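One-letter residues, chain by chain:
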Amino acid sequence: MGTENELDVEGQTEPPIRGLKSSKNTSASASSPTLAGTVRTAGTVSADSTPTLPGFTPESAHTLTVPDVTSLLETDSQNGIDNTEAARRLQQYGPNKVEGAKGLSLWTILLRQVSNSLTLVLVITMILSFAIDDNIEGGVIAAVILLNIVVGFVQDYRAEQTIQALYALSAPTCKVVRAGQTESIKAELLVPGDLVRLGVGDVVPADLRLVSSINMSTDEALLTGESLPVSKHAEIILKDRDVPLGDRTNMVYSASTVTRGRAMGIVTATAMNTEVGKIAELLRTTRGKTVDEDSSIVRKIWTKFQNGMRVILGLDGTPLQVSLSKFALLLFGLAILLAIIVFSVSKFDIDDEVLIYGICVAVAVIPESLIAVLTIATALGTRAMARGNVVIRKLAALEAVGGVTNVCSDKTGTLTQGKMVAKRVWLADGTEITIQNTTHPFDPTSGDVRVGDADWALSEKETKTPAQLTAFLETVALCNNSAVTKADATAPFKAVGEPTEIALQVLAMRFDSGKPQLTAGGGHGLLAEYPFDSSCKRMTVVCRSDGSDDADTSSAYAYTKGAIEAILPLMNASDALKAEIVTRAEALAAEGLRVLCVARRPVDASLFSLEPKDGSDQKLPERNTVECDLVFLGLAGLYDPPRVESAAAVAKCKEAGITVHMLTGDHVKTATAIAYEIGILSRDPSAAASSPNDIMVASAFDALTEAEIDAMPSLPLVLARCSPTTKVRMVEAMHRRKAFCVMTGDGVNDSPALKISDVGIAMGLNGSDVAKEAADMVLTDDNFASIVTAVEEGRRLFDNIQKFLLHLLISNIAQVILLLIGLAFKDRNGVSVFPLSPLEILWANLVTSSFLALGLGLEDAQPDVMQRPPHNLAVGIFTKELIIDKFVYGTAMGGLCLAAFTSVAYGVSGPDGLGEFCNSDYSPACELAFRARATTFATLTFLLLVTAWESKHFTRSLFNMHPEKYSGPLSVFRTVWQNKFLFGAVSAGFVICFPLVYIPVVNRTVFKHEAITWEWGIVAACVVVYIMIVETWKARKRRRLAGVRNKKAVVGVEAA
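Here the residue numbering is sequential within each chain, running from 1 through the sequence in written order. With the structure being a predicted model, the display of local features is reserved for residues of pLDDT at least 70 and the display and counting of side-chain atom pairs for 80 or more, all residues being used for whole-chain, interface and lining totals. Side-chain calculation: all heavy atoms of the structure are included, whereas hydrogens and water are not.

Per an unreviewed UniProt entry, the protein carries the name Sodium/potassium exporting P-type ATPase 1 and comes from Triangularia verruculosa. Database annotation for the protein, UniProt heading Subcellular location (unreviewed entry): "Cell membrane". UniProt positions are given in the numbering used here, feature names are shortened, and annotations may be inferred rather than shown by experiment.

Structure (structure tokens):
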């Protein structure tokens, strides 16, 4: 299933010099080769043969003759339409603009920052704080919300500006014929029926049906994924309406580029009706729930409401966004429950003190700084990625890419260089030449060359170059219209011409036999050229074989190259040799190479003199008299080579448990060869057994139902001849398998899949505007390896989010335990005394914990970050280990804070006990309560500082955290110094605690606590006990993990 068996030989090789091919006056030979399902016909069709035509649609233009198209569009194939009619049609059809690459509005960017449950919970908390006149707390929370919005907005806005800077203006102007006059107009003013002129380098401004063409070819890689330019012919008429875009050779499409020749065409579609526009329309669909058009109005309104609420609550997004939003809603529910518990203890006799205490308990359970820390940590990671040539359009995309399980990549220009190079040569004498490790396709010095079994160097040219090779190189260099040059010794090589010709010219230059070297001093002067023609698939030039200027006295050669089936019948060779040539060509084609045949023959140079002889005009010999009795020289195998970094990047993905899929519009043989070369497919017999569906053609994949696709053991690793719909179906199939996929690409044809994938990554240099608009990330260097860097950064961020999430939640659990049990601490009036004041809670959550959490967010990646499989998306960020750890450490911290409070409040009880009204004001009777509160605050602060260092690793001891780097009893100091920001945050938290306890007014009036003395001994004891508890728990986890590993090892040995 999913293979192509036809021989993949080169069918278009040269920029030929030909006459006009007009559908009005050109008739094709009956023997001319045609596309499957096509016929060549003259544009003037007899009445008997003219089919009955339905109403015109752009989708059927390739099946119509030019007169039919002009008739249906009411235009003229020579003069076009007039300006009056053009103005009328512009009103009817609108401007020729594709909606889609317009960027994000400021309002959209702003809304993205607040569309999550955590922010909404903070807003509610802020409102409650202001409602009870706790303006300090409300102001601090408002500042946190504002900080999150500003940081996120600035980051996303800058990314959007960078993307807009990458956008190129596609076909801003074009040449149009109106009322017989050629004029240059803005492309957006084109209308159906306009007659457009195209030349080399032009960007096609709309979909056109060609009227006439002269050696026309276009680069449609951005639209179809085809790596080579496609030859276009106005006279071809296609029978099948459903012919793929890449095979509609009488049409040119918007956003493609003219690579050779010139043409005139009639506009058949503009704006959103073009093929590019249809793809852009796919990008406008949303991910939310859809509803049938036949549904009731109530149903439609309810569906829109559900989609809106999902966006507002942050339930549409990356796994982390969804997990944190659900977690925030859970915390909000828990906060309400805790407040109810507080109110119930007072038998719902709610005065100001009870209300404030209830809100304090509710606030304690919410990690106010989480959203700010997450935003800042992600923004810093995004800045680091920008230095690595990755622009993050959405902050959430950086974390999301860390959880990727599958990468779906385009081939041309993404995994490959997008340029042709010669890879293999087979000479007539059996010599094989191999070129490998090419890093720059235009540089003749790039790569390694082997001639036979020996390495070849330019210095050994005179002694090691076989005569057969010399003749072969001479032919491919002279029968060639490309130019490969460099401005100076330090400048890079540049090339002009067809990709295939450039590759052959570079091949000749590797052996110092390029066209400039051969023609230096007047040698090998050109006598005649028989240009490439798609009907004969070959090109021939006749050149003198020496430097004589007199063509009558010099010998000459006819140099020919082209498709094998076109040259083989013209050779003076035995049947055995021809059979061997075909066998070798098939072997090269099986490697995914495009095969060219090279031959020559000696000719009489006098036949090509244009000087009159014997009083009569001298005419050039006919082509068929020159291209005969050819002597076979060899075969050349060409291909679009992989990027140098692609193989290593794919290997790194595999090591990280990520499956790489190639989705390309190219031929299956070419795609398969590249897949083997870069490691997507493995030839290693020891590797896991491959699936029969690893390689498929899109037509076979598209023919399957969703149920049949889901029943496949695995999805294809190579999917060739893809359409945009095929890529979308592939991504949807991955989603049904609960995979988290990244789609990479540069073409317009990649855009719909980029949009619906979990993370879309577009190419910034050669990518289309529509692709960049659809993507979440853009690679500014078009380097596939940058994706691996992004994955590594995403995994580092995910690990660090777990670390600072653990730290923040430990603090919240400790405070909830402390405050709930603190309901039992009552003063003389029976009013509960706060173990921590509201501002102390806020200080611990928003100041102390925030900077510590941010420091954890800046931790370096673990050494094994790319050696482990992706994290379980079903579990998400809240793993079983994290949940258990936060309750163990949080309970320990809360218990020790309770111990600190009770040790002071009841261990040294004074005559006034806990006093009265000690929650709001200081009085001498509140001395004990204020000292106990200060002790608890100091204990909580120091335990949070220690927890920050302990959270650097979930299982390793703080005293031996990096055994691969540091060892010995003093390694703990190097461990804590490694992350300097975190070290600074811990040091600052330690130092600042003392002024908060001792500075007058600040301690009693603001924080509601008093200076302490001997109580520091209690604080120190609590810190030591806490470290012992944490280290004991980690040691227990290490022993359990070691036991699991030993058990697996024993099972493995027994199985062996």
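Peer 1: Which residues make up unusual backbone geometry, and what values go with them?
Peer 2: Located in the positive-phi region is R721, a residue other than glycine, with phi close to 60 degrees. Secondary structure elements are taken from DSSP: a helix is a run of H or I of four residues or more, a strand is a run of E of two residues or more, and numbering for both begins at the N terminus. Mapped onto the fold, R721 is located in the loop between β26 (718–720) and α25 (724–736). Of note, K1008 is a non-glycine position whose phi angle comes to about 60 degrees, a positive value. Relative to the helices and strands, K1008 is located in the loop between α34 (1002–1006) and α35 (1016–1055).

Peer 1: Tell me what's going on with helix α2 (residues 83–93), and back it up with residues and numbers.
Peer 2: Here α2 has its buried residues at E85, A86 and R89. The buried residues of α2 occupy an angular sector of 100 degrees when projected down its axis, which confines them to one face. In α2, the exposed positions angled more than 90 degrees off the buried face are occupied by T84 and Q91. We call two residues in contact whenever any of their non-hydrogen atoms come within 4.5 Å of each other. Contact partners of the buried residues in α2: α1 (66–73) and β3 (173–178). Two residues or fewer past α2, G94 is found with a positive phi of approximately 85 degrees. The classification of residues rests on relative accessible area computed with a 1.4 Å probe and restricted to protein chains. Under 20% of the type maximum is buried, over 50% is exposed, and intermediate values are partly exposed. What the arc measures is the spread of directions leading from the helix axis to the C-beta atoms.

Peer 1: Talk me through the state of the cysteines; I want residue IDs and the actual numbers.
Peer 2: For the purposes of this analysis, a disulfide is any pair of cysteine sulfur atoms at a distance within 2.5 Å. Scanning all chains against the criterion turns up 1 disulfide. Two residues share a disulfide in this structure: C918 and C926, whose sulfurs sit 1.9 Å from each other. Here the disulfide of C918 and C926 is left-handed, its torsion about the S-S bond being about -90 degrees. With respect to burial, C918 and C926 carry one shared label: buried.

Peer 1: How would you explain the nonpolar core if you had to name every residue and give the values?
Peer 2: Nine residue types can take part in a nonpolar core, namely buried Ala, Val, Leu, Ile, Met, Phe, Trp, Tyr and Cys, and a core is a set of them joined through side-chain atoms within 4.5 Å. Counting 172 residues, the largest nonpolar core has L635, I680, M777, F804, M893 and Y1026 as its most contacted members. Of the residues forming this core, the biggest block, 17 residues, is contributed by helix α28 (residues 785–821). Among all residues touching Y1026, those that are not within four sequence positions of it are I810, Y889, A892, M893, L896, L943, V946 and T947. With 34 residues, the next largest nonpolar core counts W456, F532, M539 and C543 among its residues.

Peer 1: If you had to explain the sheet that holds strand β19 (residues 526–533) to someone new, which residues and values would you point to?
Peer 2: When DSSP locates at least two bridges between a pair of strands, those strands are taken to pair. Pairing in this open sheet of 9 strands is antiparallel, and the strands run β16-β15-β14-β13-β23-β22-β21-β20-β19 from one edge to the other. Among the strands making up the open sheet, the edge pair consists of β16 (454–455) and β19. Where strand β13 (residues 421–427) meets strand β14 (residues 432–436), 3 bridges bridge the pair, whose relative direction is antiparallel. Within β14, the residue paired with V425 across the bridge is I433. Axis definition: a line fitted to C-alpha atoms, limited for helices to the stretch in contact. Angles are taken between N-to-C directions and run from 0 to 180 degrees. Here helix α15 (residues 467–478) sits on the sheet and contacts β13, β14, β20 (538–544), β21 (555–562), β22 (594–604) and β23 (631–639); the angle it forms with β23, its principal contact strand, is near 65 degrees.

Peer 1: Please give an account of the side chain of E1031 that cites residues and values.
Peer 2: With respect to the element layout, E1031 can be found in helix α35. Counting rule for charge: Lys and Arg are taken as positive, Asp and Glu as negative, and neither His nor the chain ends is counted. Salt bridge, as used here, is a side-chain nitrogen of Lys or Arg placed within 4 Å of a carboxyl oxygen of Asp or Glu. This buried residue, E1031, is left without a salt bridge; R1038 holds the nearest opposite charge, at 5.0 Å. Excluding anything up to four places from it in sequence, E1031 contacts E950, S957, L958 and F959.

Peer 1: Residue-level account of the pairing of β22, with values.
Peer 2: The buried fraction of β22 is high, at 9 of 11 residues. Sheet topology places β21 next to β22; 8 bridges connect them, and they run antiparallel. Bridging from a neighbouring strand, A556 pairs with V603 of β22. As paired strands, β22 and β23 are joined by 7 bridges and run antiparallel to one another. Bridging across to β23, R600 finds its partner in V631.

Peer 1: Give a description of α25 that names residues and reports values.
Peer 2: In this model α25 runs 19 Å from its N-terminal to its C-terminal C-alpha over 13 residues, within 8% of the 18 Å that 1.5 Å per residue would give. All buried positions along α25 are accounted for by P724, T726, K727, V728, R729, M730, V731, A733 and M734. Just beyond α25, the residue with positive phi is K738, at close to 65 degrees. The length a helix should cover is 1.5 Å for every residue beyond the first.

Peer 1: How would you sum up the environment of I883? Please name residues and give values.
Peer 2: Following the sequence through the fold, I883 ends up in helix α30 (residues 880–905). A relative accessible area of 32% means that I883 is categorised as partly exposed. Separated by 73 residues in sequence, I883 and I810 place their C-alpha atoms 9.9 Å apart.

Peer 1: Describe the packing of aromatic side chains, naming the residues involved and giving the relevant values.
Peer 2: Two measures describe an aromatic ring pair: the distance that separates the ring centres and the angle between the ring planes. Only centres within 6.5 Å qualify two rings of Phe, Tyr or Trp (six-membered ring in Trp) as a pair; their planes then separate them into stacked at under 30 degrees, edge-to-face at over 60, and tilted for everything else. In total, this model carries 14 aromatic pairs according to the counting rule given. Where W426 meets F632, the ring centres are 5.9 Å apart and the plane angle is 40 degrees; that geometry is what we call tilted. Residue W426 is found in strand β13, and its partner F632 is found in strand β23; the two are separated by 206 residues along the sequence. When sorted by exposure, W426 lands in the same class as F632, which is buried. Here the guanidinium or amino end of R600 rests over the ring plane of Y557, the centre of that ring lying 4.1 Å away. The criterion for a charge sitting over a ring is simple: Lys NZ or Arg CZ within 6 Å of the ring centre, and within 35 degrees of the ring normal. Above the face of the F930 ring, R933 is positioned so that its terminal group lies 5.2 Å from the ring centre.

Peer 1: Give a detailed account of a nonpolar patch on the surface, specifying residues and quantitative values.
Peer 2: Together, L334, L337, I341 and V345 make up a nonpolar patch on the protein surface, roughly 300 Å² of accessible area in all. The residue L337 is located in helix α9 (residues 319–345) in this model. Exposure above 30% relative accessible area and no salt bridge define the residues that can form patches, which grow by joining like charges within 9 Å and nonpolar side chains of Val, Leu, Ile, Met, Phe, Trp and Tyr within 5 Å. In short, Shrake-Rupley with a 1.4 Å probe defines the accessible areas, and a residue's cover is counted only from the protein chains shown.

Peer 1: Lay out the sheet that holds strand β27 (residues 741–745) in plain terms, naming residues and giving numbers.
Peer 2: Judged by pairing direction, the sheet is mixed, and its 8 strands sit side by side in the order β11-β29-β28-β27-β12-β24-β26-β25 without closing on themselves. The outermost strands of the open sheet, each flanked by one partner alone, are β11 (390–392) and β25 (695–697). Averaged over all adjacent pairs, the angle separating strand axes in this sheet is 20 degrees, with direction ignored. For β11 and strand β29 (residues 777–779), the ladder comprises 3 bridges, and the chain directions are antiparallel. Looking at the pairing, I392 lines up with M777 of β29. Along the sheet, α28 contacts β11, β27, β28 (759–763) and β29; its crossing angle with β29, the most-contacted strand, is approximately 140 degrees.

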